[in-house]
Amino acid sequence: VARAILLGRLRDRRGLGLGSVIKDVRRGTERVDQSTGDANKQFQGMLRWLDLDSERAGQKYEEIRRRLIFILRCRGCSFPDDLADKCFDRVAQVTSRPNFSYEGDPALFFYGVAKLMVKEHFRTKFVVAPNLEDDLPEMKEIRSQCLDKCMAKLSPRNRELILEYYGHVAGPKTVYRSQLADRLGMPINALRIQMYRIRELLRQCVLQCTESKIE
Amino acid sequence: MNEHSENMALIRRYLLGETNENEGERVEKILLTDQVEFENALILEDELSDDYVQGFLSKSERLSFESNYATTKERRQKVWFARMLNTRAAGIANSVRERPERTWKDALWLVGINERFANRFAIAYLCVSVLMIILILSLVHQTANLKTELEKEQNRGREISAKTSDLDAQLLDEKSRADDLRRQLGGHDANRNSPNVRPLLTASLELLPGISRGPEGIQVLVVPQEVKFIEIDLKVLQEDYKQFRAELYDTAGREIAMQDLLQPVKRNAETVVSFKYPSEYLSAGGYKLQLKVADGRSDPILLGNYYFRIKHRS
């Protein structure tokens, strides 16, 4: 029932007496017990709902959160992490109700809640127009220094690999990268995944370095 | 086009904000339930940033990207990071390509991705390995030879030291023989006449005291021409004296010589005082030696008379 409500397929006007549930879902935070103890209890209840094994429940929680953040980012939310956490809080409240029942992939339940929250979010927030122009020269210089520093932290093989992967300057990029994958003896998709991981390491390193220099 | 490729294209449009509501929900459900497609979406998100900064997006895609994609802080970070990384990598690639061929190949060798060079390296490595093996075998052979030579030299050294020991032993024997001969020469007259004894420089005689015999009973000392000294050993019966005096007289009673402060010596369990005198001052004839005790405090005490005759032999 909740999934149907959250997916917008079930409406109060159909006379099913679900008004209070819909209200809970949409304005859950208004009825939340503010005490930390209750919030923790609700959160633990939600984890048990995800999986009775606490370790597997934690992994599922992390994975769903990661994907929700990605979706919220794609939907243009300015702070997708915060919104995802609020989504979890709200689901925790709902799942703690004694009469709660849901069948199906829990990820989709979260998705339904998140969709509603996105609508709320854009009712109250303004979307900031993106500024993709280059930063100040000082900022560019700091980032450039950080990139050098973080490149040096990579293993020699990863460093050479990322420079070659992104060092393509002429000709079709897909052909170039296919040839590179052939030379390395791996499928192109495996190469893409590997490059993504190296790049993420490098990006996180540069971000941390930049923040520490600004501070 | 298979399902995966369709999904890829759909996700790419979704990331650019080009999907309608139904398509968007479909993509979102795929992302939530399909691990592989979610990983692909993450990679595509980065690749879109790359395509944007490298100018590979179409005009419409570029517009969509700028209006829909880069709306969050994290995505804007991805864009500047992509710009920085691509610029840096392209700059390094260009600088490497401008360098000599060998340098570029060296860089590739570091990551092991240039097979041709790797093959050459393998051949070179093989050659070096073979040379090393030959060198090691040669060294082992030389070491074995040196060991053999060393053993030979050690054997020779042992033989030489054994010979040296023998020679030392012979030398000691010769020395002891020489000592014996010297003693014999200083002792009995009979030894002096031995044909095996070398020419004498000293002629010696051993006398007892107080014996007075006729001219035929007196001991005769034969003095060859080459003898320079005579030595008369006077046997002393009293052993408690430390210094003696010997006085030499001829048959007419004239004193010919006197030697004082003579020390007694032990020879063959007997106490002997030696009187030594140049033979050239003694002509052939009879002589008498008087042995006295001279302690320097009182007059000398006569202990005994010793008689002998000298006979020169040319």
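See the structure printed just above.
Structural notes, computed from the coordinates.

1. Brief notes about the overall build of chain B
Okay, so step 1: Secondary structure summary: chain B contains eight helices and nine strands in total.
Okay, so step 2: Evaluated residue by residue, chain B yields a buried proportion of 37% over its 314 residues.
Okay, so step 3: Of the contacts made within chain B by residues no fewer than 6 positions apart, 59% connect residues no fewer than 24 positions apart.
Okay, so step 4: Carbon and sulfur atoms make up 54% of the accessible area of chain B, which totals about 19,300 Å².

2. Quick look at the sheet that holds strand β1 (residues 202-207) of chain B
Residue and element names in this part refer to chain B.
Okay, so step 1: One open sheet holds the four strands; their spatial order is β1-β3-β7-β6, and the pairing between them is mixed. In this open sheet, the two strands that pair with only one neighbour each are β1 and β6 (265-267). When strand polarity is set aside, the average angle formed by the axes of neighbouring strands in this sheet is 40 degrees.
Okay, so step 2: Bridging between β1 and strand β3 (residues 229-236) involves six bridges; their strand directions are parallel.

3. Structural notes on the pattern of salt bridges
All names here are of chain B.
Okay, so step 1: What the rule picks out here adds up to 34 salt bridges over all chains.
Okay, so step 2: For the salt bridge of K78 with E45, the shortest nitrogen-to-oxygen distance reads 3.9 Å. Here K78, found in helix α5 (residues 73-98), pairs with E45, found in helix α3 (residues 35-54); they are 33 residues apart in sequence, far enough to count as distant.
Okay, so step 3: Taking the relative accessible area as the measure of exposure, K78 reaches 3% and is therefore buried.
Okay, so step 4: Note that R267 and D233 form a salt bridge whose closest N and O atoms lie 2.6 Å from each other. Highlighted residues: R267 in strand β6 and D233 in strand β3, separated in sequence by 34 residues.
Okay, so step 5: Residue class for R267 comes out partly exposed when judged on its relative accessible area of 27%.
Okay, so step 6: In this structure D233 comes out as buried when scored by relative accessible area, which is 1%.

4. Points about the interface of chain B and chain A
Okay, so step 1: Taken together, the contact between chain B and chain A spans 58 residues of the former and 52 residues of the latter.
Okay, so step 2: The interface formed by chain B and chain A contains eleven salt bridges.
Okay, so step 3: Among the ionic pairs, B:E45 bridges to A:R73, the shortest N-O distance being 2.7 Å.
Okay, so step 4: The interface formed by chain B and chain A holds 14 residue pairs in polar contact (both at pLDDT 80 or more) in total.
Okay, so step 5: Where the side of chain B that touches chain A is concerned, the elements lending two or more residues are α1 (3-15), α2 (21-33), α3, α4 (59-68), α5 and α6 (101-111) of chain B.

5. Describing helix α5 (residues 80-95) of chain A
Okay, so step 1: Between its terminal C-alpha atoms α5(A) stretches 22 Å, which fits the 22 Å expected from 16 residues at 1.5 Å a residue.
Okay, so step 2: Burial in α5(A) covers these residues: A:P80, A:L83, A:A84, A:C87, A:F88, A:R90, A:V91, A:A92, A:Q93, A:V94 and A:T95.

6. Let's talk about unusual backbone geometry
Negative phi characterises most residues that are not glycine, and trans characterises most peptide bonds.
Residues and elements named next belong to chain B.
Okay, so step 1: One non-glycine residue with positive phi stands out, namely L261, at about 55 degrees.
Okay, so step 2: Turning to its location among the elements, L261 is positioned in strand β5 (residues 255-262).
Okay, so step 3: A residue is classified by how much of its surface remains accessible, and L261, at 56% relative accessible area, is exposed.

7. Quick look at the sheet that holds strand β8 (residues 285-293) of chain B
All names here are of chain B.
Okay, so step 1: Ordered by their spatial adjacency, five strands build an open sheet running β2-β9-β8-β4-β5, and the pairing between neighbours is mixed. Where the open sheet ends on each side, the last strands, each with one partner, are β2 (220-224) and β5. Neighbour to neighbour, the strand axes of the sheet diverge by 25 degrees on average, direction disregarded.
Okay, so step 2: Where β8 lies against strand β9 (residues 301-313), nine bridges are found, and the strand directions are antiparallel.

8. Quick word on the state of the cysteines
All names here are of chain A.
Okay, so step 1: Evaluated as defined, the whole model comprises two disulfides over all chains.
Okay, so step 2: Shown here is the disulfide that connects C146 with C209, its sulfur atoms set 2.1 Å apart. Measuring handedness by torsion sign, the sulfur bridge of C146 and C209 sits at about -75 degrees and is left-handed. Of this pair, C146 sits in helix α7 (residues 137-153) while C209 sits in helix α10 (residues 188-214), placing them 63 residues apart in sequence.
Okay, so step 3: A relative accessible area of 0% places C146 in the buried class.
Okay, so step 4: Classification of C209 by relative accessible area gives buried; the value is 7%.
Okay, so step 5: Between the sulfur atoms of C150 and its disulfide partner C205 the distance amounts to 2.0 Å. Its S-S torsion of about -85 degrees marks the bond between C150 and C205 as left-handed, since a negative value means left-handed. Here C150 is found in helix α7, whereas its partner C205 is found in helix α10, with 55 residues between them in sequence. Of the two residues, C150 and C205, neither departs from the other in class, the shared state being buried.

9. A look at the side chain of B:N7
Residues and elements named next belong to chain B.
Okay, so step 1: With respect to the helices, strands and loops of the structure, N7 is situated in helix α1.
Okay, so step 2: Looking at N7, its side chain comes within polar contact range of the side chain of E37, at 3.2 Å.
Okay, so step 3: Apart from residues lying up to four places away in sequence, N7 is in contact with R26, I30 and E37.

10. Some points on the nonpolar core
Okay, so step 1: Judged by nonpolar contacts, the single largest core of 53 residues is most densely connected at A:L68, A:F110 and B:L31.
Okay, so step 2: Excluding residues that lie within four positions of it along the chain, A:L68 makes contacts with A:A84, A:C87, A:F88, A:F110, A:Y111, A:A114 and B:L32.

11. Considering the packing of α7(A) against α10(A)
Residue and element names in this part refer to chain A.
Okay, so step 1: Where α7 contacts α10, the axes come no closer than 8 Å and their chain directions differ by 130 degrees. Here α7 lies oblique to α10, going by the angle between them. Once α7 is placed against α10, the crossing between them reads as right-handed. Between α7, through M139, I142, R143, Q145, C146, L147, K149, C150, M151 and K153, and α10, the contact on the second element is made entirely by L202, C205, V206, C209, T210, K213 and I214.
Okay, so step 2: Broken down by class, the residue content of the contact of α7 with α10 amounts to eleven nonpolar, two polar and four charged.

12. Quick notes on the pairing of β9(B)
Side-chain direction in a regular strand flips from residue to residue, so the side chains alternate between the two faces of the sheet.
Okay, so step 1: In this sheet, β9(B) lies alongside β2(B) in parallel orientation, the contact comprising five bridges. What sits directly across from B:V220, in β9(B), is B:R309.

13. Topic: α1(B)
Spacing of three or four residues puts side chains on the same side of an α-helix, whose turn is 3.6 residues.
Residue and element names in this part refer to chain B.
Okay, so step 1: Here α1 contains 13 residues, and its C-alpha end-to-end distance of 18 Å stays within 8% of the 18 Å for a straight helix at 1.5 Å per residue.
Okay, so step 2: Among the residues making up α1, those that are buried are N7, M8, L10, I11, Y14 and L15.
Okay, so step 3: Trailing α1 by a residue or two, G17 shows a phi angle of about 75 degrees, which is positive.

Reading the values: rules and limits
- Residues numbered from 1 in each chain as written.
- Chains lettered and ligands numbered in written order.
- Predicted model: local features only at pLDDT ≥ 70, side-chain atom pairs only at ≥ 80, totals over all residues.
- Heavy atoms only, no water.
- Helix = DSSP H or I, 4+ residues; strand = E, 2+ residues; numbered from the N terminus.
- Buried < 20%, exposed > 50% of the residue type's maximum accessible area, 1.4 Å probe, protein only.
- Contact = heavy atoms within 4.5 Å.
- Areas by Shrake-Rupley, 256 points an atom, 1.4 Å probe, with all protein chains shown as cover.
- Pairing = 2+ DSSP bridges.
- Axes fitted to C-alpha atoms, helices over the stretch in contact; angles between N-to-C directions.
- Salt bridge = Lys/Arg side-chain N within 4 Å of Asp/Glu carboxyl O.
- Polar contact = N/O pair within 3.5 Å; in protein donor to acceptor, adjacent residues only side chain to side chain.
- Expected span 1.5 Å × (residues − 1).
- Disulfide = S-S within 2.5 Å.
- Core = buried A, V, L, I, M, F, W, Y, C linked by side-chain atoms within 4.5 Å.
- Parallel < 35°, antiparallel > 145°, perpendicular 65-115°, else oblique.
- Left-handed = near helix turned anticlockwise from the far one by under 90°.
- Nonpolar A, V, L, I, M, F, W, Y, C, P; charged D, E, K, R; others polar.

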